[in-house]
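Listed below, chain by chain, are the residues.
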Amino acid sequence: MAKILAKELKGTSITVNCVAPGPVATDMFYAGVSEEFVKKVIEDCPMGRLGETIDVAKVVGFLASDDSEWVNGQVICVDGGNA
């Protein structure tokens, strides 16, 4: 969808990107999951931890800045290497 919208907005200087976060330590993530599940997710992650909201926020901040003007039509995984 990001690529299609990026192409539709060609010539407008508007960029379109998606952020695809992995497991992030939030109340929503912990709701209804077992401690064993959380441990397994952490063990499976190459970074050896859950993401923090700041990990995702930094990427969103970059995409919202002028520094990302050449990034367009992308899905950016913020998942500690899980993808």
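Whatever comes next refers back to the structure up there.
A brief look at the structure comes next. What you see is a predicted model; the values in this text were computed from it and never measured.

The rules behind these values
Residues numbered from 1 in each chain as written. Predicted model: local features only at pLDDT ≥ 70, side-chain atom pairs only at ≥ 80, totals over all residues. Heavy atoms only, no water. Helix = DSSP H or I, 4+ residues; strand = E, 2+ residues; numbered from the N terminus. Contact = heavy atoms within 4.5 Å. Phe/Tyr/Trp six-rings, centres within 6.5 Å; stacked < 30°, edge-to-face > 60°. Buried < 20%, exposed > 50% of the residue type's maximum accessible area, 1.4 Å probe, protein only. Lys, Arg positive; Asp, Glu negative; His and termini not counted. Salt bridge = Lys/Arg side-chain N within 4 Å of Asp/Glu carboxyl O. Polar contact = N/O pair within 3.5 Å; in protein donor to acceptor, adjacent residues only side chain to side chain.

### Here's the deal with the environment of G51
Link 1 in the chain: Assignment of secondary structure puts G51 in the loop between α3 (35–44) and α4 (53–64).
Link 2 in the chain: When the C-alpha atoms of G51 and W70 are compared, they prove to be 26 Å apart, with 19 residues separating the residues in sequence.
Link 3 in the chain: Setting aside chain neighbours within four positions, we find G51 in contact with P23, V24 and A25.

### Observations regarding the packing of aromatic side chains
For any two aromatic rings, the description comes down to two numbers: the centre-to-centre distance and the angle of the planes.
Link 1 in the chain: In the structure shown here, the tally under the stated rule is two aromatic pairs.
Link 2 in the chain: With 5.5 Å between their ring centres and 70 degrees between their planes, F29 and Y30 make a pair best called edge-to-face.
Link 3 in the chain: Looking at F29, the relative accessible area reads 16%, which means it is buried.
Link 4 in the chain: Centre to centre, the rings of F29 and F37 are 6.3 Å apart; their planes meet at 35 degrees, and the pair counts as tilted.
Link 5 in the chain: An aromatic cluster is built from F29, Y30 and F37, whose rings are joined through pairwise contacts.

### Focus on the side chain of D79
Link 1 in the chain: Within the secondary structure, D79 is located in the segment after β2 (74–78).
Link 2 in the chain: Although D79 is buried, it forms no salt bridge, and the closest oppositely charged side chain is R49 at an N-O distance of 11 Å.
Link 3 in the chain: A distance of 3.0 Å separates the side chain of D79 from the backbone nitrogen of G81, its partner in a polar contact.
Link 4 in the chain: Non-local contacts of D79, meaning those with residues more than four positions away in its chain, are made with G22 and C45.

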